[in-house]
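So you can see what is in the structure, the chains are spelled out below.
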Amino acid sequence: QVQLVESGGGLVQAGGSLRLSCAASRFAVGFADMAWYRQAPGKQRELVASMTRGGIPNYADSVKGRFTISRENAKNTVYLQMNSLKPEDTAVYYCATRYGTSDYWGQGTQVTVSS
């Protein structure tokens, strides 16, 4: 069964950095479109960053220049490097993919940015 497991969240001060990891199983991230979403309390889940199977990244305007999505095929893992974090980046971050005709999500990892 396809599985996505996020890690790397935590508490950081504004201006700091975190790197989130998404370890995948039962499929190869190098052959899949991958994405990071986030959901803040009381808000809808939003797309933060994505990468096509061809390696083309795309970012929400709110994180451009601060966040970087990447993948390491040998570890079958996708990353989200988050720099210059702001309090408004506080949310639960989810890794996601579409495999076949189904969407798969990880369990999420909490990121809290203090001012």
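Here the structure is a predicted model, which means the values were calculated and not measured.

## A word on unusual backbone geometry
Generally, phi is negative for residues other than glycine and the peptide bonds are trans, each holding for most cases. Look at Arg26: it is not a glycine, yet its phi comes out positive at around 75°. Structurally, the position occupied by Arg26 is in the loop between strand 3 (18-25) and strand 4 (34-39). The exposure class of Arg26 is exposed, given its relative accessible area of 64%. A positive phi angle is found at Ser84, which is not glycine, with a value near 50°. Looking at the element boundaries, Ser84 is found in the loop between strand 8 (77-82) and strand 9 (91-99).

## A short note on the pairing of strand 3
Relative to strand 3, strand 1 (residues 3-7) runs antiparallel, the two sharing five bridges. Counted as the bridge partner of Gln3 is Ser25 from strand 3. Of the strand pairs in this sheet, strand 3 and strand 8 are connected by six bridges, and their pairing is antiparallel. Of the residues in strand 8, the one forming a bridge with Ala23 is Thr77.

## Things to note about the sheet that holds strand 8
A sheet is described by the order of its strands in space; here four strands give the open sequence 1-3-8-7, paired in antiparallel fashion. Two strands bound the open sheet, and with one partner strand each, they are strand 1 and strand 7 (67-72). Pairwise comparison of adjacent strand axes, ignoring direction, gives a mean angle of 15° for this sheet.

Definitions and cut-offs
Residues numbered from 1 in each chain as written. Predicted model: local features only at pLDDT ≥ 70, side-chain atom pairs only at ≥ 80, totals over all residues. Heavy atoms only, no water. Helix = DSSP H or I, 4+ residues; strand = E, 2+ residues; numbered from the N terminus. Buried < 20%, exposed > 50% of the residue type's maximum accessible area, 1.4 Å probe, protein only. Pairing = 2+ DSSP bridges. Axes fitted to C-alpha atoms, helices over the stretch in contact; angles between N-to-C directions.

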